[in-house]
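# Coordinates in review
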Amino acid sequence: MTAQIIDGKAFAAEVRGKVATHVARLRDEHGLTPGLAVVLVGEDPASQVYVRNKGKQTAEVGMNSIEHKLSAKTSQADLLALIDSLNADPGVHGILVQLPLPGHLDEDLVINAIAPEKDVDGFHILNVGRLGTGQKSMVPCTPLGCLMMLRAHHGSLSGLDAVVIGRSNIVGKPMAQLLLGDSCTVTIAHSRTKDLPQIVRRADIVIAAVGRTEMVPGDWIKPGATVIDVGINRIDAPEKGEGKTRLVGDCHFDSCAETAGAITPVPGGVGPMTIACLLANTLTACCRANSLPEPEGLTA
Ligand code: GUN
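The text that follows walks through the structure, step by step, so that each part is easy to find. (Residues numbered from 1 in each chain as written. Predicted model: local features only at pLDDT ≥ 70, side-chain atom pairs only at ≥ 80, totals over all residues. Heavy atoms only, no water.)

## A few points about the nonpolar core
Ranked by internal contacts, the top residues of the largest apolar core, which has 55 residues, are Val19, Leu179 and Ile207. For this core, the secondary-structure elements that each account for two or more residues are α1 (8-30), β2 (35-41), α6 (141-154), β5 (161-165), α7 (172-181), β7 (205-208) and α10 (270-289). Counting residues per element, this core draws most heavily on α10, which supplies twelve residues. Discounting residues that sit within four places of it in the chain, Ile207 has contacts with Leu150, Val163, Val164, Ile165, Met175, Leu179, Ile228 and Val230. Judged by nonpolar contacts, the second largest core, of 21 residues, contains Trp220, Ala225, Cys256 and Ala257. (Core = buried A, V, L, I, M, F, W, Y, C linked by side-chain atoms within 4.5 Å. Buried < 20%, exposed > 50% of the residue type's maximum accessible area, 1.4 Å probe, protein only. Helix = DSSP H or I, 4+ residues; strand = E, 2+ residues; numbered from the N terminus. Contact = heavy atoms within 4.5 Å.)

Structure representation (structure tokens):
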């Protein structure tokens with residue numbers, strides 16, 4: 001079998017298009033413009049790239065992008081005061097504090113200071129609890145993007161066996177909750193899991209989110225299974241020239257694509273969906289804040 005490639009780049013463009021259409025309608029019919037505030041503390045180069053991309057895409061769908069770039073030495077009190085002011089600002093519907101934060105700042109405390117209804121990352125403890133109990137919540141962007149692609153590919157996920165490899169708070173655990181919400185039978189596997197290959201082999205859906213280069217080979221994949229590769233690992237690529245690098249996932253793409261029914265590539269799979277879902281969450285937050293119907297197909 002040669003797998004169908006799930007084109008995350010095209011899918012993300014479709015999501016952004018739906019968001020832009022809805023944003024235009026909010027403006028024309030209600031005089032509303034969703035606003036997303038992104039807070040970056042320090043100068044981590046990867047974070048600077050993410051934040052720049054978020055700002056650009058936010059503006060492209062017609063939303064207000066508000067950026068706060070703070071020195072790496074910012075005190076916890078000053079950061080909390082900024083979050084308080086964003087919580088109170090009616091023009092701000094979504095707040096994202098870029099992680100990781102410098103070591104002297106308490107990430108949990110900072111995230112939990114964000115008003116839960118503006119927590120477009122879905123990291124606030126109330127949103128985590130709401131997702132786990134099936135209540136309306138803000139859902140973390142990467143797992144939401146994976147869910148959207150799975151629903152589009154399969155239609156119903158009900159009764160399918162799903163194995164999530166990785167138990168992070170950002171991807172693994174919320175992904176498992178979302179799959180459970182769609183009536184999958186869910187296994188969360190991790191570094192201490194016994195006989196991982198056997199467990200992965202029974203999955204109709206494999207979500208790889210461990211951050212280990214090409215760790216899942218094709219002979220772990222059940223014929224016809226759907227493989228969602230969340231990993232983004234940079235490796236040396238001497239074949240491209242001296243000092244060059246390339247991105248690969250947590251799955252060995254070529255061998256997995258031989259056995260899988262469908263697979264997301266890296267790059268161009270899950271990655272582009274994350275920011276698209278951040279925009280979708282900001283739109284959802286704006287609709288909820290104004291007691292307007294939520295956009296269809298853009299939430300869990
Ligand atoms: N750093 C890397 N990914 C993310 C993300 O999804 N949200 C936040 N807040 N920080 C990140």
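## Describing the environment of Asp219
Locating Asp219 in the fold gives a position in the loop between β7 and β8 (226-229). Residue classification places Asp219 among the exposed positions, given a relative accessible area of 54%. Distance in space between the C-alpha atoms of Asp219 and Ala260 is 9.8 Å, their sequence separation being 41 residues.

## Side note on the side chain of Thr282
Take Thr282: it is sitting in helix α10. Thr282 gets classed as buried once you look at its relative accessible area, which sits at 0%. Among residues more than four places away in sequence, those in contact with Thr282 are Pro34, Gly35, Leu36, Met63, His93, Gly94 and Val120.

## What to know about the site of the ligand
Neighbouring the ligand are the residues Leu96, Val97, Gln98, Leu99, Asp121 and Phe123. Within the contact set of the ligand, a nitrogen atom lies 2.8 Å away from a backbone nitrogen or oxygen of Val97. At a separation of 2.5 Å, a nitrogen atom of the ligand approaches a polar side-chain atom of Asp121. Looking at the shell around the ligand, its residues break down into four nonpolar, one polar and one charged. (Near = heavy atom within 4 Å. Polar contact = N/O pair within 3.5 Å; in protein donor to acceptor, adjacent residues only side chain to side chain. Nonpolar A, V, L, I, M, F, W, Y, C, P; charged D, E, K, R; others polar.)

## Considering a nonpolar patch on the surface
Together, Ile125, Leu126 and Val128 line one region of the surface with nonpolar side chains, adding up to about 270 Å² of accessible area. Note that Val128 resides in helix α5 (residues 125-132). When its relative accessible area of 43% is taken as the criterion, Val128 is described as partly exposed. (Patch = residues over 30% accessible without salt bridge, like charges linked within 9 Å, V, L, I, M, F, W, Y side chains within 5 Å. Areas by Shrake-Rupley, 256 points an atom, 1.4 Å probe, with all protein chains shown as cover. Salt bridge = Lys/Arg side-chain N within 4 Å of Asp/Glu carboxyl O.)

## Side note on the sheet that holds β2
The strand order β3-β2-β4 describes an open sheet built from three strands, whose pairing is parallel. Both outer strands of the open sheet, β3 (64-70) and β4 (94-97), are each paired with one neighbouring strand and no more. Strand-to-strand twist in this sheet, taken as the mean axis angle between neighbours without regard to direction, amounts to 15°. When β2 meets β3, the two strands line up parallel, connected through seven bridges. Bridge assignment links Val41 to a residue of β3, and that residue is Leu70. Strand contacts of helix α2 (residues 45-60): β2, β3 and β4, with the helix running at about 160° to β3, the strand carrying the most contacts. (Pairing = 2+ DSSP bridges. Axes fitted to C-alpha atoms, helices over the stretch in contact; angles between N-to-C directions.)

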